[in-house]
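# Summary of the model geometry
As a plain string of letters, each chain reads:
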Amino acid sequence: NRSQFSFATLLGDPSNIEQHLTAYIDGFSLNVREIFKHFDFEKEIERMVDNGRLFLIVQQFSSMPLHPDRVDNIDMGLLFEDLIRRFNEAANETAGDHFTPREVIRLMVNLLLEPDEKILVTDDKIITIYDPTCGTGGMLSEGQNWIGEHNENAQVYVYGQDYNPRSYAVSASDLLMKGNQRSFIALGNTLTKDFFDGIKNPHLPSRFDYLIANPPFGVDWKGQQSIIEDEHKKAGYAGRFGPKLPRVNDGALLFLLHMIAKFQTVNKNNPEAPLFKDVEGSRAAVVFNGSPLFTGGAGSGESEIRRWVIENDWLEAIVALPEQMFYNTGIGTFIWIVTNRKVKERKHKIQLIDARGLGDPMRRSLGDKRKYLTDTTIENLTRVHGQFVPSSISKIFDNNDFGYRRITIERPLRLRFEISRRAKEIFLDSAPEYLDLIRELEKEFGTEAYFDWNKVLEHTKTTAKKLEVKLPASILKYFRQVFAIQDETAKPIIQKEHALEGFIGAHHFPDHPMPKQANLDTYFGIYRTGKGKKTMQYEPDPKLRDFENVPLSENILEFFIREVQPFVPDAWIDSDTSDEKDGGIGKKGYEINFNREFFKYNPPRPLEQIDAELQVVEERILKLLSQVVR
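Residues numbered from 1 in each chain as written. Predicted model: local features only at pLDDT ≥ 70, side-chain atom pairs only at ≥ 80, totals over all residues. Heavy atoms only, no water.

### Topic: the sheet that holds strand β5 (residues 283-289)
The mixed open sheet is built from 9 strands, whose spatial order is β3-β2-β1-β4-β5-β7-β6-β8-β11. The open sheet has two edge strands, β3 (184-187) and β11 (394-398), and neither has a second partner. Adjacent strand axes in the sheet meet at a mean angle of 15 degrees, parallel and antiparallel pairs treated alike. Here strand β1 (residues 126-131) pairs with strand β4 (residues 210-213) via 2 bridges, running parallel. Across the sheet, the residue bridging to Tyr130 is Leu211, located in β4. (Pairing = 2+ DSSP bridges. Helix = DSSP H or I, 4+ residues; strand = E, 2+ residues; numbered from the N terminus. Axes fitted to C-alpha atoms, helices over the stretch in contact; angles between N-to-C directions.)

So this is what it looks like as structure tokens:
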């Protein structure tokens, strides 16, 4: 600061403190003035002057020991976040939009860095950490502290970006005061203005060793939709949003895609190459709510993103946290550990850790935060993750265990034919030129119900040809609309007939190859007519259409024969609905259901015990009623 003022001299001239404080701030270098600008400090000065508080506040701050040696970033961040929490509660801000509880950050940092402890503590290291939604910089600071405690010779450079000007200013202040010369915090929306793309800012890195983030929960990205969709369409997998885009009302998974795009590349010819020698691979920790685990069915943007991550074998573990852990939301949250350099024993495996019952109650609630993780709990969860063995709160799964194929189950349309007086009037009012045709049909089939629409249609076309009456598709459609009635006892409608063509062999079953046998065709709606090699297909009834999710670990036909055919014998699998990526029958999807995997059945109490309790309650009610009657 090159101004002539200090806090002591500011207090010496109370009458001109406003002008002198402004001059004092202007005396800082440009990088510091930039931080004050994003704190919007000039308006704060005006507000304090208007309320007659400026001198008193400067006096108070001049007496406070606020040097970073006395108040570190963690404590300053807690102060700032408490203020933000209070204002957010008043303004009903979106949950998780600003900050993460410190014990959650410590757990995330442990899960992120502990597996590399042996590498990180040896020799001098140059390590980069990146947070695309850095807020006040707590995650970056905690990661930096962890490495510093384990290896004081390591050089740790932290990088981040945040769209909130005041959060950015706190984080940038911390870097400035700690002397992180090569670190950098950017201000702006990460999804639309990536400061670390390697092109617009070549002096900044575009890939990082470790990534950590708490993206906003359930926030829509409608305002950024055009830019993100444009990058998705033009850049594809060469950009950040290759697989598919999630629904516009929740952009959490966009941040995961962005982080993966910032991974250090791995030498595929030598996937076991030593870390930090030619820089191989990255690790990421990100906290989400439950939505990214299961939202969206097969083929949706969310499912395709999960599929891309899991099929590339990047998802290492997910930890389910207790509810009521965050300051302005009580919903459950989950820590994802994602990496493109899994250790050998974790290849093609995913670990789920259920910590939902491990939260300790707080002495005093902070907004919606009523639970926290003790240091012991954090150490235990870190150990459970590192040991990678099944236990009461840890389960190990194959990647395919979370995948399924959504197959379409069809049933035939069944129609009966009936020429009622009302139906005949309706049809002839719109098409009077077909009166002779209707009379001939009435002679052939009468006015009673007829249960084979196929013969009705064939006879109708033959009769029309004899009468030299044209039957365009529109009239046939109207004819069926008026005279056909759905009936489960009627014969199914034949859609088309064709020659047998080895149907099964023409389709791809990537998960479980099927034997090439002609009799398997019936499971896919191909039936013999009894006329040589002729086969037929029935018209599906859209009202009876159903869907089944078949686990990738199961054979589609075995599942169909066991779970579907005994209940609807006339059903078949729609083979025309295939996955666009592998051509397999049905759409491929992925979801992770913690409740299903960790469900514990609690049997109900014996009926005798429930009856006894109800009897006690009834007796108490009767006693109270008798007192009222008296």
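From this point, things continue past the structure.
### Considering empty space enclosed by the protein
Within this structure, the stated rule accounts for 3 cavities of 30 Å³ or more. Of the pockets and cavities examined, the largest cavity occupies roughly 50 Å³. Around the largest cavity, the lining residues are Pro246, Arg247, Asp250, Ala252, Leu253, Ser291, Pro292, Thr295 and Glu302. Every element with two or more residues in the lining of the largest cavity is listed here: α12 (252-260) and α13 (291-294). A per-class count over the lining of the largest cavity returns 4 nonpolar, 2 polar and 3 charged. (1 Å grid on protein atoms, 1.4 Å probe; cavity = no way out; pocket = protein on both sides within 12 Å on 5 of 7 lines; lining within 4 Å. Points joined across faces, edges and corners; volume = space filled by probe spheres on them. Nonpolar A, V, L, I, M, F, W, Y, C, P; charged D, E, K, R; others polar.)

### Details of the layout of surface pockets
Space inside the second largest pocket adds up to approximately 790 Å³. What lines the second largest pocket is a set of 31 residues, among which Ile260, Phe263, Thr265, Trp314 and Asn340 lie closest to the centre. Counting only elements with at least two residues in the lining of the second largest pocket, the list comes to α11 (225-235) and α12.

### Some details on the confidence of the model for the protein chain
Put simply, the protein chain has an average pLDDT of 87, and 92% of its residues get 70 or more. When the elements of the protein chain are averaged for pLDDT, helix α6 (residues 73-91) gives the smallest value, 65, and strand β6 (residues 315-320) the largest, 97. This stretch, residues 91-96, has a pLDDT under 50; its non-local contacts, to residues over four places away or in other chains, come to 14 contacts. Considering only residues more than four positions removed or in separate chains, one finds that residues 271-278, a stretch of pLDDT under 50, has 17 contacts. (pLDDT = per-residue confidence, 0-100. Contact = heavy atoms within 4.5 Å.)

### Here's the deal with the environment of Thr133
Mapped onto the elements of the fold, Thr133 is located in the loop between β1 and α9 (138-150). Sequence spacing of Thr133 and Asp570 is 437 residues, and the spatial spacing of their C-alpha atoms is 54 Å. The contact partners of Thr133, leaving out residues within four places of it in the chain, are Gln161, Asp162, Ala213, Asn214, Pro215, Pro216 and Phe255. For Thr133, the side chain forms a polar contact with the main-chain oxygen of Asn214, separated by 3.4 Å. (Polar contact = N/O pair within 3.5 Å; in protein donor to acceptor, adjacent residues only side chain to side chain.)

### Notes on a negative patch on the surface
A grouping of Glu18, Asp26, Asp40, Glu42, Glu46 and Asp50 is seen on the molecular surface, where their side chains present a negatively charged patch. When residues of the negative patch are traced back to their parent elements, those giving at least two are α2 (17-26) and α4 (41-50). For the negative patch, the leading source of residues is α4, giving 3 residues. Looking at the element boundaries, Asp40 is found in the loop between α3 (30-38) and α4. (Patch = residues over 30% accessible without salt bridge, like charges linked within 9 Å, V, L, I, M, F, W, Y side chains within 5 Å. Areas by Shrake-Rupley, 256 points an atom, 1.4 Å probe, with all protein chains shown as cover. Salt bridge = Lys/Arg side-chain N within 4 Å of Asp/Glu carboxyl O. Lys, Arg positive; Asp, Glu negative; His and termini not counted. Charge placed at Lys NZ, Arg CZ, Asp CG, Glu CD.)

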